Amino acid sequence: MEIKEGNRLIYQQLASFVNPSFWSKFTDLKLNVDKLHETERHLWGYFPLIRNSEMPYPFLEVDSTSFNEDFNGQNTYIPFEGKIINKNTIEQFKECNKGELLNSVGANIHQLISNCAALERPSILNSFLVISFADLKKYHYYYWFAFPVIHNLVIEVVNISGISEHFSPECMQALHSGFKQLSDTQKPYFLFNSSKNEVAELKHMTNLISDASHDIYFVFYNISNKAELVGSQLRNYVAAILNFCPFLQGKLQNFIGLQVSRENSQLNIVQSVIYILRLPIIDNQALLETWVGWEKNERDKMGPKMANMKNSLDPRMLAESAVDLNLKLMKWRVVPDIDLEVVKNTKCLLLGAGTLGCSVARSLLGWGVRNITFVDNSTVSFSNPVRQSLFTYEDSVKMRPKAEAAASRLREIFPGVESRGVQLTIPMPGHTVGESTLELTIRNVDSLVDLIKTNDLIFLLMDSRESRWLPTLLGAFYNKLVINAALGFDSYLIMRHGYKGDDQYDLPCSSNIDGYEVIQGCNLGCYFCNEVTAPGDSLSNRTLDQQCTVTRPGVAQIAGALAVELAVSVLQHKERINAPAFYKTSSAKDTFPLSEHQGLLGIVPHSLRGFLSSFNQIIPATMKYNQCVACSGLILSEYKNRGLEFLLKVFDSSKHLEDVAKLTDMFDNINFDEVLELSDASSE
């Protein structure tokens, strides 16, 4: 049929369709690979080989597989090659020069045409570009597709007719069979010799085409459903033909707009169309320097689109990415060498689910920790929710066990955390075990041992001195990182315990560095190393104010946060649990020395003592005491040799600890007659 409208070929532009999986994969790459780099990424687009004739526009789809290195069309798609350029701010996205960007992409296509690379891989001629900005906090994605084609390349159409008017069924079958055997990247554009019923790749063009040849057809896969329209990418195809065969300029050539359809479960090409086209004369290379192709948005205006994926992506995936976002931003901008996976994979045991336990748990979540276990033996009371952030009034009404309620609330806050609560009473020195409680005590000891063995980081967050003794012993025995937090009315103590090491407790400090001495991690003292008496029963005969931890409300929040920060600093130190601690001497400077002893996040102190009355904080460090009632070699050896028998004796009488640690002998050797007593009445 004859074509009107000045006999110019009429084009149809593609529309984009972004599968939600594309944004999921893109988010993963942005967070974990590209980070703040505006890296150009190669993409594959997928155009269906068999299209729905009811679709008003031809759609190019991208999905998670678009980022694959190789095209994965499985013989059901025509490939498009593109790239995505993501901007880090919405301002950069808005302000980038769209015309200049499109022309630069077009110049690259022109270069690939000029050096004949496009003939080796014709899918290059089907190019697309995406510029984007990803607001990962809201999961809003702003994007704009372009399908670059040469602007001023005018192609005249002389005739359009159905393929069956020219080709026999055998010829059409040969064309279809040859098309199916081509590789994916060759399918968009190729040659067909009708006299020999042979399909050939574009790179063989010079061997087939001559000035007088009429048996050679230039085949392209037509993205349009309408015979009178062709995909705008045909202009790039014609430019490649004329670059390789400039003698075809101004001449009539046969083209086949290939279309595959399905009838009675069989594929055929009977709807394909033959075009007789007059190829343009390119007498000015400037014609090839201006490119068009930006896609219109939903309002049929030239502008970007926006995808709101907040409700489309899996909420758990959203939560996982969002939790990691601040940490990754910190890594990208401030601490590029930080190992977030070490923190994420650390199993944390919180002994105590009260004010300190809640505060520590929330800070651990902020650091991305995924495995938290609570241990407590009490229930939520009405006074708890206002001070303990993981409990509510309803928990008080139901008198829920604290450990269980805290673990449940963590999962409500972040479903990706693996949290559990264990209802358990920790046996303590000086708390006699009767026959009726013996079996329960043994079970509690066994449970505590299993918990400490299977976790990496132990927090001591209880409200009595003696309840810390057994976890301190077990933490040292199994070489666990133990962080202790204790509160006063307006003061707090945060400290990390030393570990068993090689049972040498008299390792010398390192040499003086600018007035600071250093104690190795294996030689650091524990909570009991500064005491010369064993912990006893401090829970009996206590008044109401003595039964509760009476503190200023902010003390626990400060102490809990510092406990977690100290633990993370240890995990990020190259020596981990053996990270040395500084302590200040009289000749020390005001600032800590910059040395290899510092960790990735700075110094790693042994302990922090804070005083809200003066808003002051100090960081003393103490050596391991070789007669400590909790971590000394004497105690650890006794536990190793006698196990439960030793523990039961300690539970019955804390004096047994003093005997094993040889504190009793030390007391006996003290001559109290030589102790100087002073009184208020004494003169100067």
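See the structure above.
Description of the structure in this document. Owing to the predicted nature of the structure, the values given are computational and were not obtained by experimental measurement.

### Regarding the pattern of salt bridges
Argument step 1. Counted by the stated rule, this structure contains 17 salt bridges.
Argument step 2. In this structure, Lys-305 and Glu-295 form a salt bridge, with 3.0 Å as the shortest nitrogen-oxygen distance. You can see Lys-305 sitting in strand β18 (residues 305–308) and its partner Glu-295 sitting in the loop between β17 (291–294) and β18, a full 10 residues away along the chain.
Argument step 3. By relative accessible area, Lys-305 is classed as buried at 13%.
Argument step 4. Overlapping salt bridges bring together Asp-395, Arg-400, Glu-404, Arg-409 and Glu-412 as one network.

### Side note on unusual backbone geometry
Residues apart from glycine generally show negative phi values, whereas peptide bonds are mostly found in trans.
Argument step 1. In the Ramachandran plot, Lys-35 falls in the positive-phi region, its phi being about 55° despite a non-glycine side chain.
Argument step 2. As for its position among the elements, Lys-35 is in the loop between α1 (20–34) and β3 (40–48).
Argument step 3. According to the relative accessible area criterion, Lys-35 is partly exposed, its value standing at 26%.
Argument step 4. For Asn-479, which is not a glycine, the phi torsion comes out positive at approximately 55°.
Argument step 5. Residue position: Asn-479 is located in the loop between α14 (469–477) and β23 (481–487).

### Structural notes on the nonpolar core
Argument step 1. In this structure, Leu-350, Leu-364, Ile-372, Phe-374, Phe-459, Ile-483 and Ile-494 are the most contacted members of the largest nonpolar core, which totals 52 residues.
Argument step 2. The greatest single-element share of this core, amounting to 10 residues, is contributed by helix α16 (residues 553–572).
Argument step 3. Discounting residues that sit within four places of it in the chain, Ile-372 has contacts with Cys-348, Leu-350, Ala-361, Leu-364, Leu-365, Leu-410, Val-417, Glu-418, Ser-419 and Arg-420.
Argument step 4. With 49 residues, the next largest nonpolar core counts Leu-129, Trp-144, Leu-279 and Leu-288 among its residues.

### Here we look at the state of the cysteines
Argument step 1. Enumeration over the complete set of coordinates arrives at 0 disulfides.
Argument step 2. Cysteine Cys-628 shares no disulfide, and the gap to the nearest cysteine sulfur, in Cys-526, comes to 3.5 Å.
Argument step 3. We classify Cys-628 as buried; its relative accessible area is 0%.
Argument step 4. Among the cysteines around Cys-631, which has no disulfide bond, Cys-529 carries the closest sulfur, lying 3.5 Å off.
Argument step 5. For Cys-631, a relative accessible area of 2% corresponds to the buried category.

Scoring rules and cut-offs
Residues numbered from 1 in each chain as written. Predicted model: local features only at pLDDT ≥ 70, side-chain atom pairs only at ≥ 80, totals over all residues. Heavy atoms only, no water. Salt bridge = Lys/Arg side-chain N within 4 Å of Asp/Glu carboxyl O. Helix = DSSP H or I, 4+ residues; strand = E, 2+ residues; numbered from the N terminus. Buried < 20%, exposed > 50% of the residue type's maximum accessible area, 1.4 Å probe, protein only. Core = buried A, V, L, I, M, F, W, Y, C linked by side-chain atoms within 4.5 Å. Contact = heavy atoms within 4.5 Å. Disulfide = S-S within 2.5 Å.

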